[in-house]
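The chain contents come next:
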Amino acid sequence: TLILGIESSCDETAASVIKNGRYIMSNVISSQIDLHKKYGGVVPEIASRKHVELIMPVVHQALEEAGVSLKEIDAIGVTYGPGLVGALLVGLTAAKAIAFAANKPLVGVHHIEGHIAANYLQEPELEPPFICLVASGGHSHIVHVKGYGEFEILGQTRDDAAGEAFDKISRAIGLGYPGGPLIDKNALIGNSKAIQFPRVTFEDGSLDFSFSGLKTAVLNYLNRMEQTGEQISIPDVAASFQQAVVDVLVRNTITAAKMKNIDKIAIAGGVAANTQLRKDMKEKAEKQGIKVMYPGLILCTDNAAMIGCAAYYEFINGKRAGMDLNAVPGLKLSTSISKNNNGPL
Ligand code: ATP
Ligand code: MG
Ligand code: FE
């Protein structure tokens, strides 16, 4: 079974061909990072326009690199939410046009389901159930993956997403955009114990996250240092901030695994590329007999291989979308299968 996956929810235009849900035949990603850098973040209107330019060349390249023709494709899988509406519409419209013209089934994919599925591409033996920490630009969720396309949300952020916190702090300390990789790199030469930043716990035992207090604490620290004229060490701030984020992500995810009595943890989303998160999650979970998995760096941030993989499982489960499939910027993870849903994913 061959799936053509298409992704355009934010600032990556991507297409991929996936064989039998697990094997990557091609994975083409055109990132617009350099384009948005000078604005310090993604500019939605620019992103949409760039997607329009790139979508068909990227799709053609994905087919060409895979060495397959459109005729051989069994279904088209496309992200239809959540994300920037104008950006989503480009990939979705292209997918619909291709599906219509080539008379192929269309499968709509939830972007976060895609991020989780990246782990299936990395670990061919991985099967549900497992606990997945999804930490990205817009999400910080602890998900109990009960089956393919079957999720229960165990915890989520009450304010900023983890990736969003990285991006905001990066801007505040003058490192720029995108914040995650730059903080990661600076933290390598910094002291994570230099400054004590808060780690939020909720009294009710909730596995939720909150990063806005941490953000304020870092900003207050920077102001204080500036006022007293003391030297600020960027690597130390980066390392101490990063450690505060990583500590709570790791702590809550391991608690979730123990709560559900599951001995497999996967991480997903852009923040899953973080060096300290990968290291700490592995070390701390393995001490408790829990196996930890994470996708290769290119599969952590936005790509279409993960969308093709998620689409494969939806496809073999009989899911099909009509030509009326619309982009849903605030799409929730399917509540019909997600029992005990604590809120939008
Ligand atoms: P979402 O998936 O929630 O819709 P998104 O698609 O914009 O959001 P991703 O592409 O999954 O997000 O991830 C991008 C985020 O990951 C950014 O916030 C970026 O700073 C962060 N990120 C990328 N690499 C790293 C890293 N090495 N360390 C920490 N954060 C990182
Ligand atoms: Mg991106
Ligand atoms: Fe993403």
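What counts as what
- Residues numbered from 1 in each chain as written.
- Chains lettered and ligands numbered in written order.
- Predicted model: local features only at pLDDT ≥ 70, side-chain atom pairs only at ≥ 80, totals over all residues.
- Pairing = 2+ DSSP bridges.
- Helix = DSSP H or I, 4+ residues; strand = E, 2+ residues; numbered from the N terminus.
- Axes fitted to C-alpha atoms, helices over the stretch in contact; angles between N-to-C directions.
- Contact = placed C-beta atoms within 7 Å.
- pLDDT = per-residue confidence, 0-100.
- Expected span 1.5 Å × (residues − 1).
- Buried ≥ 20, exposed ≤ 12 C-beta atoms within 10 Å, placed from the backbone.
- Parallel < 35°, antiparallel > 145°, perpendicular 65-115°, else oblique.
- Left-handed = near helix turned anticlockwise from the far one by under 90°.
- Nonpolar A, V, L, I, M, F, W, Y, C, P; charged D, E, K, R; others polar.

## So, the sheet that holds strand 8 (residues 150-156)
In step 1: As summarised here, the arrangement of the five strands in space is 8-7-6-9-10, forming an open sheet in which the pairing is mixed. Of all the strands in the sheet, just strand 8 and strand 10 (291-293) have a single pairing partner and so form its edges. Direction aside, neighbouring strands of the sheet carry axes that sit 25° apart on average.
In step 2: Direction of pairing for strand 6 (residues 130-135) relative to strand 7 (residues 140-147): antiparallel, over a ladder of six bridges. Following the sheet pairing, Ala135 is matched in strand 7 by Ser140.
In step 3: On the sheet, helix 4 (residues 111-122) packs against strand 6, strand 7, strand 9 (264-268) and strand 10 and is oriented at approximately 120° with respect to strand 9.

## Overview of the confidence of the model for the protein chain
In step 1: Chain-level pLDDT for the protein chain is 95 on average; 97% of the residues reach the 70-or-more range.
In step 2: Considering only residues more than four positions removed or in separate chains, one finds that residues 335-345, a stretch of pLDDT under 50, has 20 contacts.
In step 3: ipTM for the predicted complex: 0.98, alongside a pTM of 0.95.

## Overview of helix 4
In an α-helix, one turn spans 3.6 residues; hence positions three or four apart end up facing the same way.
In step 1: End to end, helix 4 covers 17 Å across 12 residues, agreeing with the expected 16 Å (1.5 Å per residue, within 8%).
In step 2: Within helix 4, 11 of the 12 residues are buried, which leaves it mostly tucked inside the rest of the structure.
In step 3: Within the span of helix 4, buried status applies to His111, Ile112, Glu113, Gly114, His115, Ile116, Ala117, Ala118, Asn119, Tyr120 and Leu121.

## Observations regarding the packing of helix 2 (residues 44-66) against helix 3 (residues 85-102)
In step 1: Packing of helix 2 against helix 3 brings their axes to within 8 Å, and their N-to-C directions diverge by 20°. Compared by their axis directions, helix 2 and helix 3 come out roughly parallel. In terms of crossing hand, the pair formed by helix 2 and helix 3 is right-handed. Within the contact between the two elements, helix 2 uses Pro44, Glu45, Ala47, Ser48, His51, Val52, Ile55, Met56 and Val59 and helix 3 uses Gly86, Ala87, Val90, Gly91 and Ala94.
In step 2: Split by residue class, the contact of helix 2 with helix 3 holds nine nonpolar, four polar and one charged.

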